[in-house]
Amino acid sequence: MSVEGDRRNTGDPDGEGACPQPDTREGKAGPFRKSERFVVPVKPSNAGGGKGPQFQEGRLEHREPEIGVNLETPEDKVRKLQEALQAKAKGSPSYRFYLLYDKVYRADVLERAYQRSRENGGKPGVDGQTFDDIKDYGVEQWLGELAEELRKRTYRPQAVRRAWIPKPDGTQRPLGIPTVKDRVVQTAVLLILEPIFEADMQPEQYAYRSERGAWDALERTLSLLKAGHGEVLDADLSSYFDSIPHAELMKSVSRRISDRHVLHLLKMWLEAPVEETEARGRKQWSSRAGRGTPQGAPLSSLLANIYMRRFVLGWKVLGHAGRLAAGIVNYADDFVICCRGTAEEALHTTRSMMTQLGLTLNDRKTRICRVPGETFRFLGYTIGTLWSPVTGESYTGLRPSPQAVQKLCRSLNEQMSRRRLFLSPEEMVKSLHLRLIGWVNYFQRGQVNKAYRAVDRHVRYRLRKWLCLKHQVPGSGTARYSDQYLAEALGLLTLDEIKRRLLIAKA
């Protein structure tokens, strides 16, 4: 079907209804009925790496700016497109977007998608192609060919490579690694869909959103506890990302999107086979059998949020929030429900709703906690009744959970293993600081002193062992590599020092 024919298609892709014609095209950019051509960005005159702009040309000849020259960057254009889409979605809650596919292969959208994918990094997919390979081939040419594939609708996703990530409880979490090409196209679709569905996300949802985050979810949880919602349903879903039913998910997406070509892209990605390497090195392929989104793919987070919205919205629309005096706080597949003495009924209602959604509560990890008196774990923090180390009085607060501290220490053990003896001590300390800065940047709320001291002790202990192995020094190394030596000679910082520096930098 031609592009012109696509624009006449304004109905439901399943033929079940019709959506209204808009007065104008969504996010219109460029001449009507024409997509932007792929434009090569012009490099600045000092693209070789000078410290500042060079003005020699300007001194030689004064030139008036050309009429009609567009100085907007691809990022500016994409942002304007996203703002237009989000404004339309907010202004018309029942509107279904029928013309989006031509925006996926716009030059500025693909270029921004490539930049974001490259920044995120990641390992290659089943084809082995890396971003360095694309750079050697020519990014402009590669993106142009990809745009042509999408325009002609000959693009087909490849299999998703599966990797396994160990979890703290000893189990493993499956991670899906699409090819670089699939990641770029998915990111392009994400740039288009994210602002539309952001307008529909519920205030109880905090994950993968530009103006919300884990700290906001934690603060909301604390405010509910302090307001008297002391019975907490600490819920856990069994393999949420791998259990989302495709048919129901596509219904949730098509509630807002009627562009059949975009829906077809989503369906192809959901149905893409999974490639896994056995212990003997043999490759085997499997299908998802109508369930699951590959955790690790660019679109996975948005799709997970879209489907979880059904539960969060249903909780309120069906009257459970008011009837049970129960508020939800959701972050990805984690959520807690804070109740006023109704946690048992909330558990029964939640299990029933999840069954209807094709999801399953993990009974082994789902529990009811009563605050004050008990604590529960949410987003890496222990929340509930704590005691002040100064006054000894109890209060409702949070602290880094023991599991979060143990996970960090395990990663530090790996970082200071025998395999990294080739590093100099200064290089090792620098790499440790990078890891610790990331951890402290998140775990800096609440009662942190005990956790910080435990991590500091572990870092010094493991660093001494590493130094002894590197320099073949017998014993524990306590005398030769004292705390003073680690701090003054190698520059090792404590977590309190890192936190102070982060606060100064943010100020």
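Numbers given to residues run from 1 along each chain, matching the order in which its sequence is written. With pLDDT at 70 or above as the cut-off, local features in this predicted model cover only qualifying residues; side-chain atom pairs require 80 or more to be listed or tallied, and sums for whole chains, interfaces and linings still use all residues. To obtain the side-chain values, all non-hydrogen atoms of the structure were used and water was disregarded.

Peer 1: How would you sum up the sheet that holds strand 11 (residues 394–400)? Please name residues and give values.
Peer 2: For two strands to count as paired, DSSP must find a minimum of two bridges between them. A run of H or I in DSSP counts as a helix once it spans at least four residues, and a run of E counts as a strand once it spans at least two, with each numbered from the N terminus. One open sheet holds the three strands; their spatial order is 9-10-11, and the pairing between them is antiparallel. The two strands at the open ends of the sheet, each matched to only one other strand, are strand 9 (375–378) and strand 11. Direction aside, neighbouring strands of the sheet carry axes that sit 30° apart on average. Here an angle of 0 to 180 degrees is reported between the N-to-C directions of two axes, which are lines fitted to C-alpha atoms, with helices fitted over the stretch in contact.

Peer 1: I'd like a description of the packing of helix 11 (residues 246–254) against helix 13 (residues 300–317), backed by residues and values.
Peer 2: Two numbers describe how helix 11 lies on helix 13: the axes approach to 10 Å, and their chain directions differ by 90°. The pairing of helix 11 with helix 13 is recorded here as roughly perpendicular in orientation. Residue-level inspection shows Glu248, Leu249, Ser252 and Val253 of helix 11 in contact with helix 13, the latter providing Leu303, Ile306, Tyr307 and Arg310. Partitioned by chemical class, the residues of the contact of helix 11 with helix 13 number five nonpolar, one polar and two charged. These descriptions rest on fixed angle ranges, namely under 35 degrees for roughly parallel, over 145 for roughly antiparallel, 65 to 115 for roughly perpendicular, and the rest for oblique. In this description, contact between two residues means that some pair of their heavy atoms is separated by no more than 4.5 Å. Throughout this entry, Asp, Glu, Lys and Arg are counted as charged residues, while Ala, Val, Leu, Ile, Met, Phe, Trp, Tyr, Cys and Pro are counted as nonpolar. The remaining residues, Gly among them, count as polar.

Peer 1: Got a sec to walk through a positive patch on the surface? Specific residues and values, please.
Peer 2: Only residues whose relative accessible area exceeds 30% and that form no salt bridge enter a patch; like-charged residues are grouped when within 9 Å of one another, and nonpolar side chains (Val, Leu, Ile, Met, Phe, Trp, Tyr) when within 5 Å. Residue exposure ignores everything except the shown protein chains as possible cover, and the areas themselves are Shrake-Rupley values with a 1.4 Å probe. Any Lys or Arg side-chain nitrogen located within 4 Å of an Asp or Glu carboxyl oxygen qualifies as a salt bridge. The charge count includes Lys and Arg as positive and Asp and Glu as negative, but it does not include His or the ends of the chains. The atoms used to mark charge sites are NZ of Lys, CZ of Arg, CG of Asp and CD of Glu. Residues Arg173, Lys407, Arg410 and Arg435 make up a contiguous surface patch of positive charge. Relative to the elements of secondary structure, Arg173 occurs in strand 2 (residues 172–177). Using a 1.4 Å probe on the protein chains alone, a residue whose accessible area is under 20% of its type maximum counts as buried, one over 50% counts as exposed, and one in between counts as partly exposed. Arg173 sits in the partly exposed class, given a relative accessible area of 31%.

Peer 1: A description of helix 3 (residues 74–91) should follow, citing residues and the corresponding values.
Peer 2: Each α-helix winds once per 3.6 residues, and so residues spaced three or four apart point in a common direction. The length a helix should cover is 1.5 Å for every residue beyond the first. The end-to-end C-alpha distance of helix 3 is 26 Å, a good match for the 26 Å that 18 residues give at a rise of 1.5 Å each. Along helix 3, the residues that are buried comprise Val78, Leu81, Gln82, Leu85 and Ala89. Projection of helix 3 onto a plane perpendicular to its axis shows the buried side chains occupying an angular sector of 100°, all on one side. Helix 3 presents Lys90 and Gly91 as exposed residues on the side facing more than 90 degrees away from its buried surface. Buried positions along helix 3 lie against helix 4 (101–104), helix 5 (107–120) and helix 8 (180–198). In this description, one arc is meant: the one made by directions from the helix axis to the C-beta atoms.

Peer 1: Tell me what's going on with unusual backbone geometry, and back it up with residues and numbers.
Peer 2: With glycine set apart, most residues show a phi of negative sign, and most peptide bonds adopt trans. Note the cis peptide between Val371 and Pro372, where omega equals 5°. On the secondary structure map, Pro372 appears in the loop between strand 8 (367–370) and strand 9. At Tyr208, a position not held by glycine, the phi torsion is positive, near 55°. As for its position among the elements, Tyr208 is in the loop between helix 8 and helix 9 (214–226).

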